[in-house]
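# Per-entry structural report
Now for the letters of each chain:
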Amino acid sequence: MSLSSEMSHLLSKSLSTLILLTTGMHGLITEAIPYRENDLNRLLPGRLNISVYIFNDRNRNGIYDLGDLPMTGVVTELIKPNGMIVEAASNRTGYTNYKMALGSDKPRDINQSGEVYTFKVLIPPGWQITAGKSVQKIRFIDKVGSPGGLIAEKAPNWVGLAPTLSLSGQMVGLNNSSIPRDVLVTATGPNGKTRTLRLDKEGSFSLSVEPGDWSIVCSSASLNWRLERPVKVSTAPIELVPIYVGQKQLPMQTKPLLENFDWIKHSKLEKIRNGHNGLNWDYLLAMDHQISSGPGYINVLNSGHGVAYSSSGHPVTITAPKGRVFDFVGGYFTVAWGKANGEILELVAFRGDEIVAEHELKLSHLGATWLDADLRGIDKLILSTRHYWQFAADDLKFRVSEFSDE
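Residues numbered from 1 in each chain as written. Predicted model: local features only at pLDDT ≥ 70, side-chain atom pairs only at ≥ 80, totals over all residues. Heavy atoms only, no water.

## A short note on the sheet that holds strand β24 (residues 316–319)
The strands that make up a sheet are held in pairs by hydrogen bonds between backbone atoms, and each pair lies either parallel or antiparallel. Inclusion rule: Two strands are counted as paired when DSSP detects at least two bridges linking them. For the purposes of this entry, the term helix denotes a DSSP run of H or I that reaches at least four residues, the term strand denotes a run of E that reaches at least two, and both are numbered from the N terminus. In this description, a line fitted to the C-alpha atoms serves as the axis of each element, helices being fitted only across the stretch in contact, and the angle between N-to-C directions of two axes falls anywhere from 0 to 180 degrees.
In space, the five strands of this open sheet follow the order β21-β24-β29-β26-β27, with antiparallel pairing throughout. Across the chains shown, the open sheet's two edge strands, defined by having one partner strand only, are β21 (280–282) and β27 (354–362). Taken over all neighbouring pairs, the strand axes of this sheet differ in orientation by 15° on average, direction set aside.

Shown next, in the form of structure tokens:
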């Protein structure tokens, strides 16, 4: 090869190398840059979450442990050093998030070093703090190289809440008649002690209770009538469907049925089919409780992962197949959305064309109430809300006849 040919070959090879470097090889070089080690001491601060975790202390033992659940929609105030108050609510996983960002000009941020910021959990009516402290004072200090430029000297601790447990009900007369003067209602708790309950002018009663097995006994000597109602108190307040004084109690259906909606596994939302568990269902949807941000969908959860709700807020109808009946024992209920807190659940139960029970239950988005129904031998149950906000439900209990289809 001549000198001129060799020079041409080297020039061509160099040109090819240059083309590779400025085209395809350039990508390899630039892709390698993000993998270099950073000098964290020169890193400019950004923004990073710091949170107060809120949970339902279901066993009321003062710690976050097995069986406890995140609580959504509880408001925490961040009180800044200048007195400014910033509110945030716990999200679907229980976290109330604020941002640490040294020097930030955003008014909601934790942005000053060496200052004390106060986190104050606003305790909802009917709830109490059982774990942690409602007020936590946290000093933040600068930390060069940290994601937000600040760290807490001691990070905020979790806060557990539990509802005040109560058991309420009402005695009513048959056919809108007055209840007899000699009606007596007693409550016996898990400690074996019995107390006589005072009825107001509407026949209503309410008492504070503790977890365990209770017995409510109603009687009238003039009617030669006595009814004993066992009630299991667990994690939620309980409201009884009205008890009709003097009404003969029908026998129970023989097969207990728990509808907890945990069969929903391969989809996140599913319409319940007629024939499911031997009953017909209209306008009740099952879903994974975490797919919606509505706090009532999350806070209604009592077991597993599935819950149910009224589709588009419209009435739900549950019926027995023709010629059959069922018992509605009860269920846990909330209203799905915080702006509808206090919405009214309306229950109507039928036996043929006759209405045999009606009840109204005030709903919360923060936690469920157990509606203790014990409605026997009915063939239709309608559950609706007064203003058509979605209600959420979990662990509905029924009793059906042994020959009902699965």
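Now that the structure is up, let's keep going.
## Side note on the sheet that holds strand β12 (residues 184–188)
Strand order in this open sheet of four strands is β13-β12-β15-β16, and the pairing throughout is antiparallel. The strands lining the two open edges of the sheet, one partner per strand, are β13 (194–196) and β16 (225–233). Shown here is a sheet whose adjacent strand axes are inclined to one another by a mean of 20°, direction ignored. Pairing between strand β15 (residues 212–220) and β16: nine bridges, direction antiparallel. Counterpart to D213 in the pairing with β16 is K232.

## A few points about the environment of L240
Stated precisely, the cut-off is as follows: Here, two residues are considered to be in contact whenever any of their heavy atoms come within 4.5 Å of each other.
In this fold, L240 is placed in strand β17 (residues 238–240). Sequence separation of L240 and S166 is 74 residues, and the distance between their C-alpha atoms is 11 Å. If we skip the residues at most four places from it in the chain, L240 touches L167, S168, G169, F205, R229, V231, H359 and D372.

## Structural notes on the nonpolar core
To keep things clear, this is the line we draw: The nonpolar core is taken to be a set of buried Ala, Val, Leu, Ile, Met, Phe, Trp, Tyr and Cys residues, with the residues joined through side-chain atoms within 4.5 Å. Relative accessibility thresholds used throughout: buried, under 20% of the residue-type maximum; exposed, over 50%; partly exposed, between the two (1.4 Å probe, protein chains only).
Counting residues in each nonpolar core, the largest one holds 36 residues, and the members touching the most others are F326, F328 and F333. Of all the secondary structure elements, the ones that give two or more residues to this core are β22 (284–288), β24, β25 (326–335), β26 (344–351), β27, β28 (369–378), β29 (380–385) and β30 (391–400). Top element by residues in this core is β30. It accounts for five residues. Core analysis: the next-biggest nonpolar cluster, separate from the first, contains 34 residues, C218, L227, L240 and Y332 among them.

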